[in-house]
Amino acid sequence: MRVVGYIREASADSEPAFAQSEQIRRWIGDNGHRLVALCQDVRTPGHAVGREGLQSIVGIVSAGQVDAVVVPSLKTLSPDKVSQEVILWELRAPGITVPVSYTH
């Protein structure tokens, strides 16, 4: 399965981007899938966290380039459950699966 990963480091108490990417890579390796892209929205001092990475994933999904989008946790999408549901609906609409790689 062709997979794109998404990581988001939105606050100081978020799991570090490197740790999130390693979780995703481990999940993909353990399940025998192929990582096509890893998109991220990461904090930069003095700048608000944008959503360019998530927008890139929506574009990749819309282009039919992947079969799944994997995230380290649902909080990666948003800390707000309603926003999580909206994002999940948008990603799943074209038939994409959205597995969570959380292994703790």
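The structure displayed is predicted, hence computed values, not measured ones. (Residues numbered from 1 in each chain as written. Predicted model: local features only at pLDDT ≥ 70, side-chain atom pairs only at ≥ 80, totals over all residues. Heavy atoms only, no water.)

(A) Quick look at the sheet that holds strand β1 (residues 2-9). If you trace the three strands from one edge of the open sheet to the other, you get β2-β1-β3, paired in parallel fashion. Edge positions in the open sheet fall to β2 (34-42) and β3 (68-70), since each of these has one partner strand only. Here the strands of the sheet are splayed against their neighbours by 25 degrees on average, with no regard to which way each runs. Each of β1, β2 and β3 touches helix α2 (residues 52-62); the most contacted strand, β2, lies at about 150 degrees to it. (Pairing = 2+ DSSP bridges. Helix = DSSP H or I, 4+ residues; strand = E, 2+ residues; numbered from the N terminus. Axes fitted to C-alpha atoms, helices over the stretch in contact; angles between N-to-C directions. Contact = heavy atoms within 4.5 Å.)

(B) Spatial organisation of the pattern of salt bridges. A full pass over the atoms with the stated rule returns one salt bridge. With its nearest N and O atoms 3.3 Å apart, the salt bridge here joins D67 to R2. Here D67, found in the loop between α2 and β3, pairs with R2, found in strand β1; they are 65 residues apart in sequence, far enough to count as distant. Overall, the relative accessible area of 26% leaves R2 in the partly exposed class. (Salt bridge = Lys/Arg side-chain N within 4 Å of Asp/Glu carboxyl O. Buried < 20%, exposed > 50% of the residue type's maximum accessible area, 1.4 Å probe, protein only.)

(C) Main features of the packing of α2 against helix α4 (residues 81-92). Two elements in contact, α2 and α4, have axes separated by 10 Å at closest approach and are oriented at 25 degrees. Here α2 lies roughly parallel to α4, going by the angle between them. Contacts between α2 and α4 involve L54, I57, V58 and V61 from the first element and I87, E90 and L91 from the second. When the residues that make up the contact of α2 with α4 are grouped by side-chain class, the tally is six nonpolar, no polar and one charged. (Parallel < 35°, antiparallel > 145°, perpendicular 65-115°, else oblique. Nonpolar A, V, L, I, M, F, W, Y, C, P; charged D, E, K, R; others polar.)

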